[in-house]
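Architecture and fold: a report
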Amino acid sequence: MQTLVYENYNKFISATDTIRRMKDDFKRMEEQMEEVMGNMDSISNFSTDISVNLSDSRQKITKLSSVHSLLTKLQTLFELPTLLRKAIQMEAYPQAVTYYTQAAAILSQYEHVNSFNGIREDCENTVQLLIAALKENLRKPDLTANQVLETTDMLVELKESPEEIIKIYLDTAHQVLQKDIDMVREAPGEQDILEFLDGTGYLFLGSISLSISTFTTSFSDNDNITLPDNNLQEMLSEFAYKHFSLYFEHIQNRFTIETTAPDNALLVRG
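Summary of the structure given here. (Residues numbered from 1 in each chain as written. Predicted model: local features only at pLDDT ≥ 70, side-chain atom pairs only at ≥ 80, totals over all residues. Heavy atoms only, no water.)

1. Examining the environment of His250
With respect to the helices and strands, the residue His250 is situated in helix 7 (residues 229-260). The class for His250 is buried, based on a relative accessible area of 16%. Sequence separation of His250 and Met183 is 67 residues, and the distance between their C-alpha atoms is 9.9 Å. Discounting residues that sit within four places of it in the chain, His250 has contacts with Ile181, Val184 and Arg185. (Helix = DSSP H or I, 4+ residues; strand = E, 2+ residues; numbered from the N terminus. Buried < 20%, exposed > 50% of the residue type's maximum accessible area, 1.4 Å probe, protein only. Contact = heavy atoms within 4.5 Å.)

And the structure:
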């Protein structure tokens, strides 16, 4: 019994010492936390002082940055006519269109400022040269469908009439097809009829198929063209009917000559 009491007493004394040490540890921790809080308050006050001291400088820097941005835009505007002319000379038409469309909003915004009138007029005159160059480019008979589409989109972006753009394209396509039709009309009468059909048909049908496909890609399926689909379909149908009629007229004339000839090649082959 005495041994049991002695062991429990020792445990009690040990627990008392542990509690006393924990109390001391918590007290030191509390003192350290108070010191940390004091340091945080000092840091916060110091940060506030720095922010107040730098507030004027920050406002000046923001103002200077705004002025620098404005000066950069103004410099770009003053250089715009020169940039446009250089791009046109280099035939960098997409770059020229980008230059102008990005600056057009600013020029419009400050059109009431007299000092900008000269720049705006110079740019508009230069853009007319760009539009003329794009239209001349659209008149090239060897343009691919992608090139026609790209040129069309640039002209639309420069606010040109879709009807006029389509007319330029169809006039150019007509010139190409007219050459093929002239070959049909001028083909030698002594040429074998089947060779005649193979040669002239290959040229004409290939050209008109390409013209119709390019029209569809560049205009009918182009979201930038705001004309009603019925109008576009009517333009294309009229164009195709006109040229197919001319082609078949010459083919019919050739068959008429062939069937009335004494040595009818078709009858012999039949």
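2. Looking at the packing of aromatic side chains
Enumeration over the complete set of coordinates arrives at 6 aromatic pairs. With a centroid separation of 5.7 Å and 55° between ring planes, the pair formed by Tyr169 and Phe219 is classed as tilted. Separated by 50 residues along the polypeptide, Tyr169 in helix 5 (residues 162-186) and Phe219 in helix 6 (residues 193-220) bring together distant segments of the chain. Given a relative accessible area of 7%, Tyr169 falls into the buried group. Between Phe244 and Phe248, the aromatic rings sit 6.0 Å apart at their centres with planes inclined by 15°, giving stacked as the arrangement. Here Phe244 and its partner Phe248 are both found in helix 7, 4 residues apart, which amounts to about one turn of the helix. Members of the aromatic cluster, joined through ring pairs, are Phe204, Phe244, Tyr247 and Phe248. (Phe/Tyr/Trp six-rings, centres within 6.5 Å; stacked < 30°, edge-to-face > 60°.)

3. Focus: the side chain of Asp180
Take Asp180: it is sitting in helix 5. Look at Asp180: it is buried, it has no salt bridge, and the nearest opposite charge is Lys179 at 8.5 Å. Setting aside residues up to four positions removed in sequence, Asp180 forms contacts with Leu203, Phe204 and Ser207. (Lys, Arg positive; Asp, Glu negative; His and termini not counted. Salt bridge = Lys/Arg side-chain N within 4 Å of Asp/Glu carboxyl O.)

4. Topic: helix 2 (residues 93-109)
Taking 1.5 Å of rise per residue, the 17 residues of helix 2 would be expected to cover 24 Å, and the 25 Å separating its terminal C-alpha atoms lies within 8% of that figure. The axis of helix 2 is deflected most strongly, by about 35°, at Ala103. Within helix 2, the full set of buried residues consists of Tyr93, Ala96, Val97, Tyr100, Ala103 and Leu107. (Expected span 1.5 Å × (residues − 1). Bend = angle between axes of the 7 residues up to and from the residue.)

5. Thoughts on the pattern of salt bridges
Within the structure shown, the criterion is met by 6 salt bridges. The salt bridge partner of Arg120 is Glu124, with a shortest N-O separation of 3.4 Å. Within this pair, Arg120 and its partner Glu124 are both found in helix 3 (residues 114-138), separated by 4 residues, close to a single helical turn. Two residues, Glu136 and Arg139, come together in a salt bridge whose shortest N-O distance is 3.6 Å. Taken together, the salt bridges that share partners define one network made up of Lys135, Glu160 and Glu164.

6. A few points about the packing of helix 4 (residues 145-157) against helix 6
Closest axis-to-axis distance for the helix 4/helix 6 pair is 9 Å, and the angle between their directions is 30°. As judged from the angle between their axes, helix 4 and helix 6 are roughly parallel. In this structure, helix 4 meets helix 6 at a crossing whose hand is right-handed. Facing Ala145, Val148, Leu149 and Thr152 of helix 4, the residues of helix 6 in contact are Thr214, Thr217, Ser218 and Phe219. Among the residues forming the contact of helix 4 with helix 6, the class breakdown is 4 nonpolar, 4 polar and no charged. (Axes fitted to C-alpha atoms, helices over the stretch in contact; angles between N-to-C directions. Parallel < 35°, antiparallel > 145°, perpendicular 65-115°, else oblique. Left-handed = near helix turned anticlockwise from the far one by under 90°. Nonpolar A, V, L, I, M, F, W, Y, C, P; charged D, E, K, R; others polar.)

7. Topic: the side chain of Thr126
On the secondary structure map, Thr126 appears in helix 3. The class for Thr126 is buried, based on a relative accessible area of 3%. Separated by 3.5 Å, the side chains of Thr126 and Arg85 make a polar contact. (Polar contact = N/O pair within 3.5 Å; in protein donor to acceptor, adjacent residues only side chain to side chain.)

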